[in-house]
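Listed below, chain by chain, are the residues.
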Amino acid sequence: MKNIFLLAALFIGIFKGIAQEQPNIVLLFVDDYGWADVGFRNSKFHTPNIDQLKKDGFNFNRAYIATPTCSPSRASLLTGKEPVRFQMPRHIIDSKEKAAKNNIAGGEFNLWPTDPVQMPSRNWLPLEEVTYAERLKEFGYYNMFIGKWHLGSEKYHPVHQGFDAQYGTGDHGHPWVTTHLSLKQVIRYRIHQKELT
């Protein structure tokens, strides 16, 4: 009996050593970010933290966005779908005045008068679309969204699309601080919560 417990303890120790922790995932999605705007590609720039992320992780040299505009490219990255599949070929109009002129009855779609294709474009990422954050949650990941969202009003924000928290997220094409906590406080709080569990 003593040998069985010793053997079980040995196997548990071995399996714990073999099992790896899940990797951290940091995904940077930046508007108007040039391919050579980082130090590891261009010595004119000093970007030591981004250079270190590249050194310690993955760098996708041949990753392309599905469209050259903000909202649909963000939605495509989040869902893995071409923007036309969820009817968002154009970015979401970011001013109430323009939206009032260009929204189609019901407000779900907008139509630009100068759009040569004249294809209506959705004004938010539908909640039924599955995002990478929702999939990562299935594997026990804590997901935080920081910065520009530009995929719909508050009821379509990241916390309703699989993210556990959001910081600096607004309805339009610019970051907006939505909490009185600093980012450092939010991260410190999450680390403390993780240590308690």
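Procedures and definitions
Residues numbered from 1 in each chain as written. Predicted model: local features only at pLDDT ≥ 70, side-chain atom pairs only at ≥ 80, totals over all residues. Heavy atoms only, no water. Helix = DSSP H or I, 4+ residues; strand = E, 2+ residues; numbered from the N terminus. Areas by Shrake-Rupley, 256 points an atom, 1.4 Å probe, with all protein chains shown as cover. Salt bridge = Lys/Arg side-chain N within 4 Å of Asp/Glu carboxyl O. Buried < 20%, exposed > 50% of the residue type's maximum accessible area, 1.4 Å probe, protein only. Polar contact = N/O pair within 3.5 Å; in protein donor to acceptor, adjacent residues only side chain to side chain. Phe/Tyr/Trp six-rings, centres within 6.5 Å; stacked < 30°, edge-to-face > 60°. 1 Å grid on protein atoms, 1.4 Å probe; cavity = no way out; pocket = protein on both sides within 12 Å on 5 of 7 lines; lining within 4 Å. Points joined across faces, edges and corners; volume = space filled by probe spheres on them. Nonpolar A, V, L, I, M, F, W, Y, C, P; charged D, E, K, R; others polar.

1. Details of the overall build of the protein chain
Here is step 1: Looking only at helices and strands, the protein chain features 6 helices and 4 strands.
Here is step 2: For the protein chain, the succession of helices and strands along the chain, N to C, is α-α-α-α-β-β-α-β-β-α.
Here is step 3: Per element, the accessible surface of the protein chain, about 14,100 Å² overall, is 59% carbon and sulfur.

2. A look at the pattern of salt bridges
Here is step 1: A complete count under the given rule lists 5 salt bridges for this structure.
Here is step 2: Between Glu-129 and Lys-81 there is a salt bridge, with its nearest N and O atoms 2.7 Å apart. Highlighted residues: Glu-129 in the loop between β2 (121–122) and α5 (132–137) and Lys-81 in the loop between α3 (70–79) and α4 (96–102), separated in sequence by 48 residues.
Here is step 3: When its relative accessible area of 10% is taken as the criterion, Glu-129 is described as buried.

3. Re the environment of Ala-100
Here is step 1: Looking at the element boundaries, Ala-100 is found in helix α4.
Here is step 2: When its relative accessible area of 64% is taken as the criterion, Ala-100 is described as exposed.
Here is step 3: Residues Ala-100 and Asn-110, 10 residues apart in the sequence, show an inter-C-alpha distance of 9.2 Å.

4. Focus on the side chain of Gln-166
Here is step 1: Among the structural elements, Gln-166 can be located in strand β4 (residues 165–167).
Here is step 2: At 3.1 Å, the side chain of Gln-166 and the side chain of His-157 are in polar contact.
Here is step 3: There is a polar contact of 3.2 Å between the side chain of Gln-166 and the backbone nitrogen of Val-159.

5. A few points about the packing of aromatic side chains
Here is step 1: A complete count under the given rule lists 5 aromatic pairs for this structure.
Here is step 2: Note on Tyr-132 and Phe-163: the rings are 6.0 Å apart at their centroids and 85° apart in plane angle, and the pair reads as edge-to-face. Of the two residues, Tyr-132 is situated in helix α5 and Phe-163 in the loop between β3 (144–146) and β4; the sequence distance between them amounts to 31 residues.
Here is step 3: Looking at Tyr-132, the relative accessible area reads 27%, which means it is partly exposed.
Here is step 4: Relative to Phe-163, the ring of Phe-145 lies with its centre 5.4 Å away and its plane at 75°, an arrangement referred to as edge-to-face. Residue Phe-145 is located in strand β3, and its partner Phe-163 is located in the loop between β3 and β4; the two are separated by 18 residues in the primary sequence.

6. Side note on the layout of surface pockets
Here is step 1: Here the largest pocket defines a volume of roughly 1,600 Å³.
Here is step 2: Taken together, 35 residues make up the lining of the largest pocket; nearest its centre are Leu-27, Leu-28, Asn-59, Phe-60 and Ala-63.
Here is step 3: Secondary-structure elements contributing two or more residues to the lining of the largest pocket are α2 (48–56) and α3.
Here is step 4: For the lining of the largest pocket, the class distribution of residues is 21 nonpolar, 8 polar and 6 charged.

The analysis is restricted to geometry; functional conclusions fall outside its scope.
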